Every structure is written in C-alpha cells, then in structure tokens.
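# Examining the three-dimensional arrangement
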Amino acid sequence: MSKPSIPEGTRDFGPEQVRKRNYIFDTVRTVFAKFGFQPLETPAMENLSTLTGKYGDEGDKLLFKILNNGDYLSKADEQALANRDSNKLISSIAKRGLRYDLTVPFARYVVMNRGTLSFPFKRYQVQPVWRADRPQRGRYREFFQCDADVIGSESLHYEAELAQIYDEAFQELKLPVTIKINHRKVLFGIAEAAGIADKFMDMTVAVDKLDKVGIEGVRKELSERGISESAIDTIEKILASPDLSSLKPVFANSPTGLEGLDEIEKVFKYLNAAPLTNEIQFDITLARGLSYYTGCIFEVIASGIKMGSIGGGGRYADLTGVFGVPGLSGVGISFGADRIYDVLEELNLFPESLSESVKLLLISFDEPSFEYAFQCATKLRKLGVSTEIYPDPGKLKKQFEYAAKRQIPFVAIAGESEMANGTLNLKNQENGEQQELTPEKIAELLNA
RNA sequence: GAGGUUGUAGCUCAGCAGGUUAGAGCGUCGGAUUGUGGUUCCGAAGGUCGGGGGUUCGAGCCCCCUCUUCCUCCCCA
C-alpha cells in the first residue's frame, strides 16, 4: 500500500483555508446579490457534446473526459482503436466531461429553461471548474470561479454594472486592482485598418503579448504569422496611440472598429457618473477569450503583485446560438477565487477575525465537575455561545494550552466551588482577567 | 501537450568520490508544576530518504521508469 495522494493540481483545504475561502465567496456573493443576480448551480459533469467546440481547439484538449461506465471498450470505435487515434476514439468511450467554465453550462441552462425564465436573466454561480492544464503558480486543475452573467439584453449599462461589481467586490476585499477593458470590434478594427482582416486571430494573439514581449516581440510574432511589414507598421502605429479619441481617425475606414470605440465610450460615460474606487483603463492590447466573446472584454489585474489575471469576462452576442436558440446576447464576468486567495494571502490582506472559531472552552477537574461543565455547555449553546468542552478533565495546564493553541478567546473553569454556586470561572485569555459568573451572565457578556 | 526543475521526521532544511545504527531546528507527546495558557528546563516518540526497477560487496547519493512540486512555452482564472 503506497502513501495516499491527491491528483496533480488539486488541493485539500484545511479549516483555516476554508474560512478564508468562504470570506472571498461570501464577499462576492453579497455584491452579486446586491446587483440583482440570482444564484444558480449546475452539475460538475456535463455531456461532452455540450462542452466540446466551445473553447477552441486548445480548450478541447484541456477538457477532462469521463470514461463511460461498464464495458466501455465493447462499444469503442474499432477503427479509431486500431489506429491508436485518441481524438477519434473519445466520443465512443466518453460521453461526459467535467465542466471547464461556468458560462457554457449557464448558456445550456438558459436554453433548456428559456420557457420559464424572464429576460434579461441575471444569475450568479460559485462553483469549481476543471482544466487539464499543467499546474503552475496560480494555476490549478481544479479551481473555483465566481461568475455573474446577464443574458437577454444588449444594454451596455450591464457592462458598466459589471465593472462596478468588480470594483465593489475588490474594494470589500481591500485588494487594489486595475480593471482593463477593450472591445473585440476594436481589435477587429486594427486588423481592418491594417488590411489583414483575414488574419484577425493571428494578429490578436500576437498583440495580446505586448506587455510581455515588447513591441519588437510583437512585430516578430506578427511577421512569423505571415503578416506583411506594412501591415505591421500600421498596427504598431495604432498600438502606440492607445487613447480612445485618437483612434477614431485611424478607424475611419473600419465601421466595425468605430462601433467598438463608441460602445466603450458609452460604458465609460455610464461609469463617469459614478466614479470607481479602483482604476479602470482602456487597453487596446487586451485580447483574451477568443472563443465566444464578441463585444466588450474585461480583465482584472491585482496591483503590485506578479500574478495572472484574477478576473475576466465580456460580452458574447450569441452563445445560446450553438444550443439552438439564437438572438440572446449575454455579458458576464468571472472572479478567479483561487488566484484571489493566493494574492490576498501573499499581501496579508485576510482579516484577523477569520481565525476565531469557538468562543468559549469549558474545562473541569474530575467526573462530577465535567458533568456540571457538560450541562453548562448545553445551556451556553442554547444561549447562542459557540462552546466547546475539553474531553479529559484533570490538569488545567493542558486544557489551557489547548485553548491557547486553538485561539479560543475565553476559558471557563468548572470546579467544586463553581458547582456549588451555579457559576463558572470565566477567564479572558487575552488579558488574563477572571471572574465568577453564571452561564446566563457569561452568554450576555460574550454575545454583546 | 513540449522543455526544464524539485521531492530526506508533521513543518523548514542538513547530509559524506557511493561506506556501519540518516541528523538539526521548530512542532507533537510526557514530566518538572495535583485550580490556571502561549516562557524556561528535562525526556520521549516520530523516517519504506516520493514510489518501482537496475548498477554495486554496499545506494538517501549513480542509471532507467513513474508520481509530485515549481518554472518557461501554449493557454488561461
């Protein structure tokens, strides 16, 4: 028997970690609810047909597939098996997969329940997703996303509201961030202005790396992707003027690009009326999520720390279309809870109060006083005090040490004299003050 | 998925061209202290040296495979 282990890229969460994670989830959920989003949960596994083809070729590779139950090989594609063609074999031996994000399952849900939903439908969802990526810092194979999406409206004020949600949530978490915004039509506008609309994808992938590899790196990659020198020069010129108004003349011949600029301007107009705490900036190099985004796109970066994006989102004009219901435009954002956790931990931003679990520990000397303490514990819990009783009566030193290690703020001694008086000797572990009180008085004091 | 990297006590790490019973600090447990904690002192427990195979008289150390960690690419939260 070998030592037990857990799969690559997964983690256990101890009591302290769960408390901290819940702090993030609760914060985000509260903000979502305040903006009128309703909770939704979907299964960990989806039919593979729901998931494949939604995230691009890369995404399909990163999907976890679930092997069919039973004698799955009896129904396997003989030819694919003989040819060792894994890709072709999959559909015949796996019909389900683990969810890769929350947006596609949401779209699937909307389509299945379109008859009963009233639009625009706003939902939030906090659940784990799985990706067969190679794990790294801030990158896990199982991680939680906290999504808020609204489907069934093209109103740009939702883009502004989602930016406000980011702003408010990170303000609550005391984590300074930069919210980046761009528009896929603006990206398309660049390609159009450079006369390489057919190479739009290649251009976007390259341009996205500007802050990482610099302009020379981008030029090199554009060139490698078969884009002409003159087009590259145009692109460079556009990238060098990443100001909304200065882009308008450049996009004179790109109606799509102008449309994108207009939409971003409108979002900014809404936001100007109610300034955000965190910085929001237009970033013309921001690409992300090419699979289904069509309008505004967002990304959130934590300030002052090296970590990938901790949030992202955007508008997808027709995600439900692939499930047979076209014409429903949606927009949504996602919080990467695990990365936010890592950042908060590294910057020491979790509140102290999270470590406090039980408020009171009862300790005793012998069987009679233990029985008395047990009764007191029952009474105190009824009065709303989270109480624990030390299981082995006897040496006080040991029991006090337990309280100290567990960081329990109050200890109450149940001894002979206390038993006689119907009281407990309550000690404040922080300042050492001690007083003899009835359980009722103690509850009153600790609940205050 | 490609390349690199890491793995010794619960935790952080030592370890000698390959040479007998693998060490330290912290933590844990017991005692000094039989109604009072995070200090001090004393003592103890705890290791298939990630796992499997190989080379060797002999492997924690060398070779192969595998798992895991972190990193770069890809991509993303």
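To start, this report covers the structure provided alongside it. (Residues numbered from 1 in each chain as written. Chains lettered and ligands numbered in written order. Predicted model: local features only at pLDDT ≥ 70, side-chain atom pairs only at ≥ 80, totals over all residues. Heavy atoms only, no water.)

### Quick look at the pattern of salt bridges
Basically, it comes down to this: Salt bridge criterion: a side-chain nitrogen from Lys or Arg within 4 Å of a carboxyl oxygen from Asp or Glu. In DSSP terms, a helix is any run of H or I states spanning at least four residues, a strand is any run of E spanning at least two, and both are numbered starting from the N terminus. Relative accessibility decides the category of a residue: with a 1.4 Å probe and only protein chains considered, values under 20% of the type maximum give buried, values over 50% give exposed, and everything between is partly exposed.
Within this structure, the stated rule accounts for 27 salt bridges. Residue Glu-259 is joined to Lys-185 by a salt bridge in which the shortest nitrogen-to-oxygen separation is 2.6 Å. Here the residue Glu-259 occupies a position in helix α13 (residues 255-272), and Lys-185 occupies one in helix α8 (residues 184-193), the gap between them amounting to 74 residues. For Glu-259, a relative accessible area of 38% corresponds to the partly exposed category. We note a salt bridge from Asp-262 to Lys-248, for which the minimum N-O separation is 3.8 Å. Placement of the pair is Asp-262 in helix α13 and Lys-248 in helix α12 (residues 244-250), with a sequence separation of 14 residues. By relative accessible area, which is 32% here, Lys-248 ends up partly exposed. When salt bridges that share partners are traced, they join Glu-16, Arg-19, Lys-20 and Glu-345 into one network.

### A look at the protein's contact with RNA strand B
Keep this limit in mind: Throughout, near means a residue has at least one heavy atom within 4 Å of the molecule or strand. Two N or O atoms count as a polar contact when they lie within 3.5 Å, although within protein this holds only if one can serve as hydrogen donor and the other as acceptor, and sequence-adjacent residues are included solely when both atoms are side-chain atoms. Under the convention adopted here, Pro, Cys and the residues Ala, Val, Leu, Ile, Met, Phe, Trp and Tyr are nonpolar, Asp, Glu, Lys and Arg are charged, and Gly plus all remaining residues are polar.
In the region of RNA strand B, 43 residues are neighbours, and Arg-131, Arg-137, Arg-139, Ser-309 and Gln-429 sit closest. The separation between a base nitrogen of RNA strand B and a polar main-chain atom of Tyr-140 is 2.8 Å. Residue Arg-339 places a side-chain N or O atom 2.6 Å away from a sugar or linking oxygen belonging to RNA strand B. Contributing elements (two or more residues each) for the surface near RNA strand B: β6 (142-151), α16 (396-405), α17 (416-421) and β15 (424-428). A total of seven residues in the surface near RNA strand B trace back to one element, the largest contributor, which is α16. Broken down by class, the residue content of the surface near RNA strand B amounts to nine nonpolar, 13 polar and 21 charged.

### What about the pairing of strand β12 (residues 360-364)?
Inclusion rule: Two strands make a pair as long as DSSP finds a minimum of two bridges between them. By convention, orient the strands away from the viewer: a clockwise path from the first strand over the helix to the second makes the crossover right-handed.
The buried count for β12 comes to five of five residues, which makes it a mostly enclosed element. Pairing of β12 with strand β13 (residues 387-389) involves three bridges; the strand directions are parallel. Residue pairing for β13: Leu-362 is matched across the bridge by Ile-389. Traced from β12 through helix α15 (residues 367-382) to β13, the parallel crossover comes out right-handed. Relative to strand β14 (residues 410-414), β12 runs parallel, the two sharing five bridges. Its bridge partner being in β14, Leu-360 is matched across the sheet by Phe-410.

### Focus: the sheet that holds β6
The criterion, for reference: In this analysis, two residues are considered to be in contact whenever any of their non-hydrogen atoms come within 4.5 Å of each other. Angles here are taken between N-to-C directions and fall from 0 to 180 degrees, while the axes themselves are lines fitted to C-alpha atoms, restricted in helices to the stretch in contact.
Across the sheet, eight strands lie side by side as β1-β5-β6-β11-β10-β9-β7-β8; this open sheet has mixed pairing. Two strands close off the open sheet at either side, each with one partner strand: β1 (38-39) and β8 (279-282). As defined by bridge partners, β1 adjoins strand β5 (residues 121-130) across two bridges and the pair is classed as parallel. For Gln-38, the partnering residue across the bridge sits in β5 and is Arg-123. Against the sheet, helix α7 (residues 157-172) makes contact with β5, β6, β7 (177-183), β8, β9 (296-302), β10 (311-316) and β11 (330-336), and its axis sits at roughly 15° relative to β11, the strand it touches most.

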